[in-house]
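Given next are the chains, with one letter for each unit.
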Amino acid sequence: MRVLGISGSLRRDSYNTALLRHAGGLFEAEGAEFEIYHGLRDIPPYDEDYDTEETPEAVSRLREAAREADAVFFVTPEYNSSIPGALKNALDWLSRPFATNPLRYKPVAVIGASSGIFGAIWAQAELRKVLGAIGARVTEGEVAVGHAGERFDDNGRLNEPNLEQEIHEVISTLLSDARPAKPSEADAKAVAS
């Protein structure tokens, strides 16, 4: 199982990127291959005139990474009660063409952190809305890490077991949604006959 992790923050010491790295360890403990996408700042502003056979290389890399993943795990900060512009721009590129975009029908999950009390709750809601409009299968569950500066130790690891358990629940749901459905006994009998 391959999971692509995307942080909506460009900041070097981002709490959201620290949260994404922490989640990566939880994914790997579940046997998933986890990769963090690092090229968000390289993606040019969306322009339909450039969304042709000569799509910018950074966009092609993002689309390929999303296409190759079995699921995508987003972690986002909140900017002005919404998602960061760089993340929205990347999603605009990923959403094209709609019928065959690499997130269409793909299981995705969203969590977030912020230095304020609400833990990017509005940003998570906005991101879930955008992902749904793109055609992704947005999993249930979210985690809002408020007062993020107090929630991480000096090594960038979460220091609250309750938050880690909440993240683990979202991860379990995402992995379950991404696994191929096992055929039922009726399906197996139908194939055998």
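What counts, and at which threshold
- Throughout this document, residue positions are counted from 1 along each chain, in the order its sequence is written.
- Reporting in this predicted model follows two pLDDT cut-offs: at least 70 for local features of residues, and 80 or more for side-chain atom pairs to be given and counted; totals over whole chains, interfaces and linings ignore these cut-offs and use all residues.
- Note that the side-chain values use all heavy atoms of the structure and ignore hydrogens as well as water.
- Each reported salt bridge corresponds to a side-chain nitrogen of Lys or Arg within 4 Å of a carboxyl oxygen of Asp or Glu.
- Secondary structure elements follow DSSP: runs of H or I of four or more residues count as helices, runs of E of two or more count as strands, with numbering from the N terminus.
- Only protein chains enter the area calculation, which uses a 1.4 Å probe; residues under 20% of their type maximum are buried, those over 50% are exposed, and those in between are partly exposed.
- We define a nonpolar core as any set of buried Ala, Val, Leu, Ile, Met, Phe, Trp, Tyr and Cys residues linked to one another through side-chain atoms lying within 4.5 Å.
- Contacts are assigned to residue pairs with any non-hydrogen atoms lying within 4.5 Å of each other.
- Paired strands are those between which DSSP finds at least two bridges.
- With the strands pointing away from the viewer, any crossover whose connection runs clockwise from the first strand over the helix to the second is right-handed.

Caption draft 1: Inspection of the pattern of salt bridges at higher detail. By the definition in use, this model includes 10 salt bridges. With its nearest N and O atoms 3.6 Å apart, the salt bridge here joins Lys129 to Glu126. Here Glu126 and Lys129 lie together in helix H4 (residues 121-134), a separation of three residues that amounts to about one turn. For Lys129, a relative accessible area of 53% puts it in the exposed group. Given a relative accessible area of 27%, Glu126 falls into the partly exposed group. In this structure, Glu150 and Arg151 form a salt bridge, with 3.9 Å as the shortest nitrogen-oxygen distance.

Caption draft 2: Just the nonpolar core, in detail. The biggest cluster of nonpolar side chains holds 29 residues, and the ones touching the most others in it are Ile43, Phe74, Leu91, Leu103 and Leu131. Elements with a contribution of two residues or more to this core: strand S1 (2-7), helix H2 (57-68), strand S3 (71-76), helix H3 (85-94), strand S4 (107-113) and H4. Those residues within four positions of Leu91 in sequence are excluded, and the remaining contacts are Phe74, Ile83, Leu103, Leu127, Val130, Leu131 and Ile134. Judged by nonpolar contacts, the second largest core, of 28 residues, contains Phe73, Ile111, Leu158 and Leu174.

Caption draft 3: Fine view of the pairing of S3. When you tally the buried positions in S3, you get six out of six residues, the bulk of the element. Of the two faces of S3, the one carrying Ala71, Phe73 and Val75 and the one carrying Val72, Phe74 and Thr76 are both buried. Relative to S3, S1 runs parallel, the two being bridged by five bridges. Residue pairing across strands places Ser7 opposite Val75, the latter belonging to S3. Bridge analysis of S3 against S4 gives five bridges, and the strand direction is parallel. Counterpart to Val72 in the pairing with S4 is Val108. This β-α-β element, S3 to H3 to S4, shows right-handed connectivity.

Keep in mind that these numbers describe shape and distance, not what the molecule does.
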